[in-house]
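Examination of the molecular architecture
Here's the letter readout for the chains.
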Amino acid sequence: MGELEKLGSKYKIALQLAKDPRFERVPCSCKGCYADDCLVNMATNYRCFIVATCDRELRKRVRKIPGVPAMYITNHKYTVERMPEAFGAPRQG
């Protein structure tokens, strides 16, 4: 949250989504751990997350975790990447 607040108005929508009470925020118990590493470790261990980030490098890392979709914002719209069928997503059609 603090990082989004520091980034200013360009990330206003991301900050609003991060503060939205409909989304659960999981506190980190790591001490001195880089935030991206913590997110990837939590998503790898529990696999019950949607990782929301505008960081392209973090999205690349999250895509490698089976069954964990990423959510991001582009052009004032948010997108949740579709989970591959191989990892439990329902088939379409």
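Rules and cut-offs
- Residues numbered from 1 in each chain as written.
- Predicted model: local features only at pLDDT ≥ 70, side-chain atom pairs only at ≥ 80, totals over all residues.
- Heavy atoms only, no water.
- Helix = DSSP H or I, 4+ residues; strand = E, 2+ residues; numbered from the N terminus.
- Expected span 1.5 Å × (residues − 1).
- Buried < 20%, exposed > 50% of the residue type's maximum accessible area, 1.4 Å probe, protein only.
- Contact = heavy atoms within 4.5 Å.
- Lys, Arg positive; Asp, Glu negative; His and termini not counted.
- Salt bridge = Lys/Arg side-chain N within 4 Å of Asp/Glu carboxyl O.
- Patch = residues over 30% accessible without salt bridge, like charges linked within 9 Å, V, L, I, M, F, W, Y side chains within 5 Å.
- Areas by Shrake-Rupley, 256 points an atom, 1.4 Å probe, with all protein chains shown as cover.
- Pairing = 2+ DSSP bridges.
- Polar contact = N/O pair within 3.5 Å; in protein donor to acceptor, adjacent residues only side chain to side chain.
- Core = buried A, V, L, I, M, F, W, Y, C linked by side-chain atoms within 4.5 Å.

1. Digging into helix α3 (residues 35-46)
- With 12 residues, α3 extends 17 Å from end C-alpha to end C-alpha; this agrees with the ideal 16 Å at 1.5 Å per step.
- Burial in α3 covers these residues: Asp36, Cys38, Val40, Met42 and Ala43.
- Its buried side turned inward, α3 meets β1 (51-52) and α4 (56-63).
- Looking one or two residues beyond α3, the residue adopting positive phi is Arg47, at roughly 50°.

2. Things to note about the side chain of Asp36
- Within the secondary structure, Asp36 is located in helix α3.
- Comment: no salt bridge for buried Asp36; closest opposite-charge side chain is Arg61, at 5.0 Å.

3. Some points on a nonpolar patch on the surface
- A contiguous nonpolar patch, built from Ile50, Tyr78 and Val80 and spanning about 290 Å² of accessible area, is present on the exposed surface.
- Here Val80 is to be found in strand β3 (residues 77-80).

4. Comments concerning the sheet that holds strand β2 (residues 70-74)
- With respect to topology, 3 strands assemble into an open sheet ordered β1-β2-β3, the strand pairing being mixed. Both outer strands of the open sheet, β1 and β3, are each paired with one neighbouring strand and no more.
- Bridging between β1 and β2 involves 2 bridges; their strand directions are parallel. What sits directly across from Ala52, in β2, is Met71.

5. A word on the side chain of Glu81
- Note on placement: Glu81 falls in the segment after β3.
- Its relative accessible area of 18% is what places Glu81 among the buried residues.
- In terms of polar contacts, Glu81 uses its side chain to reach the side chain of Arg63, at 2.7 Å.

6. Considerations on the pattern of salt bridges
- Within this structure, the stated rule accounts for 5 salt bridges.
- Asp20 is paired through a salt bridge with Arg22; the nearest N and O atoms lie 2.6 Å apart.
- A salt bridge links Glu81 to Arg63; the nearest nitrogen and oxygen atoms lie 2.7 Å apart. Taken as a pair, Glu81 in the segment after β3 and Arg63 in helix α4 lie far apart in primary sequence, 18 residues in all.

7. A look at the nonpolar core
- Counting 11 residues, the largest nonpolar core consists of Cys38, Val40, Met42, Ala43, Phe49, Val51, Leu58, Val62, Ile65, Val68 and Ala70.
- When contributions to this core are tallied by element, the ones reaching two or more residues are α3 and α4.
- Sorting elements by how many residues they give to this core places α3 first, with 4 residues.
- With residues up to four places along the chain from it excluded, the contact list for Ala70 reads Ile50, Val51, Arg59, Val62, Thr79, Val80 and Glu81.

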